[in-house]
Amino acid sequence: MNGWILAATAELGGGGAAALWGVTTGPPARRVIAQNLTTSAVCPALLLLSQGYARPAYVDLALLLALLGPVGTLVFARLLSDELADDGASAWGLTWSLAGLGAVAVLALCVAVGPGRAMVKLLVTGALLIGGNVVASRALAGGFRGVRGG
């Protein structure tokens, strides 16, 4: 076991357990927020495991998850908008903490892989992960100021 795999295991243990607890318990708002945060926990772990096991295919899986995870959350937010509006739950602290964790993982991996195509893929994955989850969390917290749902 190397440091990359150890970091991925610790990250999955903490973030994955918290997300699993949130998805299985509580009102619909907390479940949808936990589903959104699952992407923020699993995607950096896949990137770390990619480096630890020297499997570039894991980066492709993380890229797909970073792209589709927030989209799925936005679909849930739209379908459950009435239940979410009544609850008013948000998880900005967790969202920014996991976004920071993702940024640290992406930057560490960029240093490890060096300049090239792999670094570009890591940076795109990180931007999609962080941007998508911040937008999805904002949508779950009630939307954007000045934008009304139809």
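We now turn to the structure provided with this report. (Residues numbered from 1 in each chain as written. Predicted model: local features only at pLDDT ≥ 70, side-chain atom pairs only at ≥ 80, totals over all residues. Heavy atoms only, no water.)

Nonpolar side chains collect at one region of the surface, where L61, L64, L67 and L68 lie side by side and expose about 370 Å² of accessible area between them. Among the structural elements, L61 can be located in helix α3 (residues 57–79). Overall, L61 belongs to the partly exposed group, its relative accessible area being 45%. (Patch = residues over 30% accessible without salt bridge, like charges linked within 9 Å, V, L, I, M, F, W, Y side chains within 5 Å. Areas by Shrake-Rupley, 256 points an atom, 1.4 Å probe, with all protein chains shown as cover. Salt bridge = Lys/Arg side-chain N within 4 Å of Asp/Glu carboxyl O. Helix = DSSP H or I, 4+ residues; strand = E, 2+ residues; numbered from the N terminus. Buried < 20%, exposed > 50% of the residue type's maximum accessible area, 1.4 Å probe, protein only.)

With respect to the secondary-structure elements, G3 resides in helix α1 (residues 3–24). Here G3 falls in the exposed class, since its relative accessible area comes to 53%. With 49 residues separating them in the primary sequence, G3 and G52 have C-alpha atoms 7.4 Å apart.

Enumeration over the complete set of coordinates arrives at two cavities of 30 Å³ or more. By volume, the second largest cavity amounts to about 40 Å³. The wall of the second largest cavity is formed by S40, T95, L98, A99, L129, I130 and N133. Where the lining of the second largest cavity is concerned, the elements lending two or more residues are α5 (92–113) and α6 (117–140). In terms of residue class, the lining of the second largest cavity is made up of four nonpolar, three polar and no charged. (1 Å grid on protein atoms, 1.4 Å probe; cavity = no way out; pocket = protein on both sides within 12 Å on 5 of 7 lines; lining within 4 Å. Points joined across faces, edges and corners; volume = space filled by probe spheres on them. Nonpolar A, V, L, I, M, F, W, Y, C, P; charged D, E, K, R; others polar.)

With respect to the element layout, N36 can be found in helix α2 (residues 28–53). For N36, the side chain forms a polar contact with the side chain of T73, separated by 3.3 Å. With near-sequence residues (within four places) excluded, N36 lies in contact with P70, T73, N133, A136, S137 and L140. (Polar contact = N/O pair within 3.5 Å; in protein donor to acceptor, adjacent residues only side chain to side chain. Contact = heavy atoms within 4.5 Å.)

Here we take up the nonpolar core. In this structure, A8, C43, L47, L48, A62, L109 and L122 are the most contacted members of the largest nonpolar core, which totals 17 residues. Secondary-structure elements contributing two or more residues to this core are α1, α2, α3, α5 and α6. No other element matches α2, which puts six residues into this core. Apart from residues no more than four positions distant in its own chain, L48 is found in contact with W4, A7, A8, A105 and L109. Membership of the second largest hydrophobic core comes to nine residues, among which are A29, L37, A77 and L98. (Core = buried A, V, L, I, M, F, W, Y, C linked by side-chain atoms within 4.5 Å.)

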